[in-house]
Amino acid sequence: MSIETTGLKDSTQEDTQLITAAEAATLIEEGALLIDVRSEGGRASTGAVPGAVIVNREHVEEDFSPESAHRLAQVSGTDQYIVVFCGSVNGSRPVAQKLKALGYANAVHVDGGFPALRDADIPTTGPTDQLAGTAQASTGAVAAER
């Protein structure tokens, strides 16, 4: 599958912005910009995708507007393929829609969000929050006592 065969350019489809995690994996492999719009807590508790650019949902216009003095350095132009993910489509859909309104015709979001990307074998790092670390430490301590 290539960028051309994902159907992203066909505006007659019901929702050309929603793609599967497998389609996202192909786009990422082909150089699409990967955007994580989850909160810091969400990333800490579930994990992260190395190389994904962290974007605050409230700053999309500032980070992506072609006229913005604060546009992200990773943004090369409005024809760039951009894959947005959150914990679910409820967080990523509004961002993909904002990007499309800003002229990014190839902005898409992932059906199933981060869990779907992880399940599609996109490289991820594990949870980093203190609670997860404490649980791992406790498990290790129990295993050491046995």
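A brief structural summary. Quick caveat, the model's predicted, so the values are computed rather than measured.

All right, on to helix α1 (residues 21-29) then. Ala21, Glu23, Ala24, Thr26 and Leu27 are the residues of α1 that are buried. On its buried side, α1 packs onto β1 (18-19), β4 (82-85), β5 (107-110) and α5 (113-119).

Right, let's get into the pattern of salt bridges. As a working rule, side chains carrying opposite charge can pair if their charged atoms are close by. Counted according to the given criterion, the structure contains 1 salt bridge. Residues Arg38 and Asp36 are paired through a salt bridge, measuring 2.9 Å at the closest nitrogen-oxygen approach. Residue class for Arg38 comes out buried when judged on its relative accessible area of 6%.

A word on the sheet that holds β1. Strands sit in the order β1-β5-β4-β2-β3 across an open sheet of 5 strands; the sheet is parallel. Edge positions in the open sheet fall to β1 and β3 (53-54), since each of these has one partner strand only. Relative to β3, strand β2 (residues 33-36) is paired through 2 bridges, and the arrangement is parallel. Looking at β3, one finds that Ile35 is bridged to Val53. Lying over the sheet, helix α4 (residues 89-101) contacts β1, β4 and β5, oriented at roughly 175 degrees with respect to β5.

So, how was this worked out
- Residues numbered from 1 in each chain as written.
- Predicted model: local features only at pLDDT ≥ 70, side-chain atom pairs only at ≥ 80, totals over all residues.
- Heavy atoms only, no water.
- Buried < 20%, exposed > 50% of the residue type's maximum accessible area, 1.4 Å probe, protein only.
- Helix = DSSP H or I, 4+ residues; strand = E, 2+ residues; numbered from the N terminus.
- Contact = heavy atoms within 4.5 Å.
- Salt bridge = Lys/Arg side-chain N within 4 Å of Asp/Glu carboxyl O.
- Pairing = 2+ DSSP bridges.
- Axes fitted to C-alpha atoms, helices over the stretch in contact; angles between N-to-C directions.

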